[in-house]
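Here is how the chains run, residue by residue.
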Amino acid sequence: MMEEILLQAENLSYSYGTGSKALYDVSLSVRKGEKIAVLGSNGAGKSTCFLNLNGVLIPDTGTIRYKGKKIGKKDLNELRRKVGIVFQDADNQIIASTVSAEVSFGPMNLRLSKEEVKQRVEMALKSMNLMMLKDRPPHYLSGGEKKRVSIADIIAMEPEVIIFDEPTASLDPVNVEMLTQVLDKMTEMGKTLLISTHDVDFAYKWAERAVVFAGGTIIADGPVTDILTSDLILNQGNLKKPVLMEVYDSLVKCRILPEMSPYFRDTKELNQLLNRQYEG
Amino acid sequence: MRTINTIDSYAYESRIKGVNPGLKAVVAMAALLFCIGTGDVLLSVTVFLSMGIITVFMGGLSVQKYLALLKIPVTFLVLGTAAIVVGIAHVPAGRFYITMPGFYLYLSDEGAALAARLILKAMAAVSAMYMLVLSTPASEIINLLGKLHVPKLISELMNLIYRFIFVMMDVQIHMKQAAESRLGYYNFLTSCRSFGGIGANLFIISLKKAGMYYDAMTARCYEGELLFLEEKRPVKAKEAAAAAGYLAFLLLLWLV
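Reading the values: rules and limits
- Along each chain, the written sequence defines residue order, and numbers are assigned to residues from 1.
- Written order determines the labels here, with chains lettered from A and ligands numbered from 1.
- Where local features are concerned, this predicted model is filtered to residues with pLDDT of at least 70; where side-chain atom pairs are given and counted, the filter is 80 or more; whole-chain, interface and lining totals use all residues.
- Here the contact rule is simple: place C-beta atoms from the backbone, and any two residues whose C-beta atoms are within 7 Å are in contact.
- Counting from the N terminus, the helices are DSSP H or I runs at least four residues long and the strands are E runs at least two residues long.
- When residues are sorted by character, Ala, Val, Leu, Ile, Met, Phe, Trp, Tyr, Cys and Pro go into the nonpolar class, Asp, Glu, Lys and Arg into the charged class, and all the rest, Gly among them, into the polar class.
- To get an axis, a line is fitted to the C-alpha atoms, and for a helix only the part in contact is used. The angle between two axes follows their N-to-C directions and goes from 0 to 180 degrees.
- Working definition: roughly parallel below 35 degrees, roughly antiparallel above 145 degrees, roughly perpendicular at 65 to 115 degrees, and oblique for all remaining angles.
- Helix crossings get a hand from a simple test, with the near helix turned counterclockwise from the far one by less than a right angle marking a left-handed crossing and a clockwise turn marking a right-handed one.
- For two strands to be treated as a pair, DSSP must find no fewer than two bridges joining them.
- Buried means a residue has 20 or more other C-beta atoms within 10 Å of its own C-beta, exposed means 12 or fewer, and partly exposed covers the counts in between; C-beta atoms are placed from the backbone.
- By convention, orient the strands away from the viewer: a clockwise path from the first strand over the helix to the second makes the crossover right-handed.
- The span expected for a helix works out to 1.5 Å for each residue beyond the first.
- UniProt positions are given in the numbering used here, feature names are shortened, and annotations may be inferred rather than shown by experiment.
- Only buried residues count toward a nonpolar core: Ala, Val, Leu, Ile, Met, Phe, Trp, Tyr and Cys, linked into one set through C-beta atoms within 7 Å.

J.: Would you mind going over the interface of chain A and chain B with me for this structure?
T.: Interface size is commonly expressed as the accessible surface area that is lost when the partners come together. If you look at the interface, chain A gives 34 residues, while chain B gives 29 residues. Looking at the side of chain A that touches chain B, the elements that each hand over two or more residues are α2 (76-82), α3 (99-109) and α4 (114-127) of chain A. If you tally residues by element for the side of chain A that touches chain B, the top one is α3(A), at seven residues. Of the residues belonging to the side of chain A that touches chain B, the class tally is 15 nonpolar, 12 polar and seven charged.

J.: Can you help me understand the packing of helix α7 (residues 152-181) of chain B against helix α8 (residues 188-219) of chain B in this one?
T.: When two helices pack together, their arrangement is given by the angle between their axes and by how far apart the axes lie. All names here are of chain B. At a closest axis distance of 10 Å, the pairing of α7 and α8 adopts a crossing angle of 140°. On the basis of the axis angle, α7 is oblique to α8. Considering the relative orientation of α7 and α8, their crossing is right-handed. Residue-level inspection shows V167, M168, V171, Q172, M175, K176 and A179 of α7 in contact with α8, the latter providing S194, I198, N201, L202, I205, S206 and K209.

J.: Would you take a moment to explain the sheet that holds strand β2 (residues 21-31) of chain A for this structure?
T.: Strand-to-strand pairing in sheets goes through backbone hydrogen bonds, with the strands running parallel or antiparallel. Residue and element names in this part refer to chain A. Taken together, four strands build an open sheet; the order of strands is β2-β1-β4-β5 and the sheet is antiparallel. What marks the edges here is a single partner per strand, and that holds for β2 and β5 (69-70). As defined by bridge partners, strand β1 (residues 5-15) adjoins β2 across seven bridges and the pair is classed as antiparallel. Looking across to β2, one finds that A9 is bridged to L28.

J.: Help me understand the sheet that holds strand β1 (residues 86-89) of chain B, please; the structure alone is not making it clear to me.
T.: Residue and element names in this part refer to chain B. The strand order across the open sheet built from three strands is β1-β3-β2, with neighbouring strands paired in antiparallel fashion. One side of each edge strand has no neighbouring strand; the edge strands of this open sheet are β1 and β2 (96-100). Averaged over all neighbouring strand pairs, the angle between strand axes comes to 25°, with direction disregarded. Looking at chain direction, β2 and strand β3 (residues 103-107) are connected through five bridges and run antiparallel. What sits directly across from M100, in β3, is F103.

J.: Any chance you could explain the environment of A:E177 here in plain terms?
T.: Counting through the fold element by element, A:E177 comes out in helix α6 (residues 173-188). For A:E177 and A:I64, which are 113 residues apart along the polypeptide, the C-alpha to C-alpha distance reads 33 Å.

J.: Would you take a moment to explain the pairing of strand β7 (residues 161-165) of chain A for this structure?
T.: Two faces belong to every sheet, and in a regular strand the side chains alternate between them. All names here are of chain A. A large share of β7 lies buried, amounting to five of its five residues. Here four bridges tie strand β6 (residues 83-86) to β7, and the two strands are oriented parallel to one another. Within β7, the position partnered with G84 by the bridge is I162. The parallel pair β7 and strand β8 (residues 192-196) is bridged by α6, and the resulting crossover is right-handed.

J.: How should α8(B) be read in this particular structure?
T.: Along an α-helix, residues three or four positions apart point the same way, because every turn accommodates 3.6 residues. Helix length check: α8(B), at 32 residues, gives a terminal C-alpha distance of 46 Å against a target of 46 Å (1.5 Å per residue), a fit within 8%. When we look at burial in α8(B), the residues that qualify are B:S194, B:Y213, B:A216, B:T218 and B:A219. For α8(B), the elements touching its buried residues are α2 and β6 of chain A together with α7 of chain B. One or two positions beyond α8(B), positive phi appears at B:C221, with a value near 65°.

J.: What should I look at first to understand the UniProt feature "transmembrane region" (unreviewed entry) in chain B in this one?
T.: Residues and elements named next belong to chain B. Residues given the UniProt feature "transmembrane region" (unreviewed entry) here are residues 21-39, 45-63, 75-98, 118-139 and 185-207. Helix makes up 95% of residues 21-39 and strand 0%, with an end-to-end C-alpha separation of 27 Å. End C-alpha atoms of residues 118-139 are separated by 32 Å, and the span's content is 82% helix alongside 0% strand.

J.: What is the right way to look at the nonpolar core in this model?
T.: Counting 89 residues, the largest nonpolar core has A:A37, A:A152, A:I163, A:A203, A:A210 and A:V212 as its most contacted members. In contact with A:I163, other than residues within four places in its own chain, are A:F50, A:L53, A:N54, A:V83, A:G84, A:I85 and A:L194. Formed by 26 residues, the second largest nonpolar core is a distinct cluster that contains B:F34, B:I54, B:L61 and B:L134.

Next comes the structure, spelled out in structure tokens:
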């Protein structure tokens, strides 16, 4: 059974000021619990689309629906509450002068009771391992810690859909590993995740579905393996094939793996496949 | 983690950071008003020493750092009191004088005593304020102002400015490093040019960042009012008693 559709965009278009269109005719539906990678080169419209989906930017034409309900001017805060964005650069998101005050900013804006805010802040800080740093000012934190704060910011608002704008861009491998664990935890909590990234290897490993942006519109939308195996889409979207897929192709070409083998998403799956092939 | 040696970072490391900021502010302000109001020398010396002791021994700031901070106002004081100490007369006067064409610059006993009292008073006031700012993070002081009914606009601006000082400082440091690596500070002329370029760029980046921050705040349901949860630091009876005792002691010292 298909899960219910949470967020839906229909024929969105948007332009900044007088310039050319940053988005045109974008339609997208997001189902509960999905793990979606949003791919595309710089300036393809990913970030603009995210800001529209969260109600920060108002589309020129087209509609946004949340659980089937059309979002009008009065429902914008409702949309912002249900859909959270973790911005690319934590330094462009953090405004308060201590970590706990920063995390409280979202829940306070939701006009919750002090007790509830306190509880949520604590929960968010705990889930991001930030309790030790809660009285620190943000300018004495490392890059990875700031990223965790910016994620805790959103967790404290308890949205159903969480959008990450290029979360892997400024993180070192250890922090990317941390982020992957956080993402898995969120999926377990039943959150719906959209992540924009340039890292096709990360997208291939993590996502179930991929959406490809190019020139302000969506050029492909489907299961991640289908998208990343299509040379046409990769070309149009300015993307590269994930390394593991190249390895797959080579293994099949050299007849180490049979023609119709399943795709593997990480080295563990590859090893299992090879073991089965040569021991069984 | 990058720590800059600033008053700000000392405040976060202070051991008396947990004390209720209102209590610290009351003690500091009362001591300051005592010194300025009475002008009593003994009181000034007492406040200067006791505030120093609180900052260094209770707060845990190293003596060198504290003295280095005290040096800043001393410079201003020496320059400022010079004008008070030195008098101008048409006839030779005072304990010591210099002849200038048409008049005499002289130094009198009263002038020197006045200057000494003034310096002591000022240093006592400074040490009281240092006690407050070296143990209380800026955000708590801003919250305190909010409680004193300072207009919201001002306290919110202070909050944002405080955060942005560090954001912009970071940007500036990186731009300066990039300029240095391209010999932008090779000689005086190139330094001037790089400095100007960085200044202009900082302005543009500030505008851009302001836009991005606004988007990020809107995304978190910001509606024109900056709301944060404040950390409650209840006044402990022991601390309140110590503060009251200290102020009573100052009062007694003045009366006796």
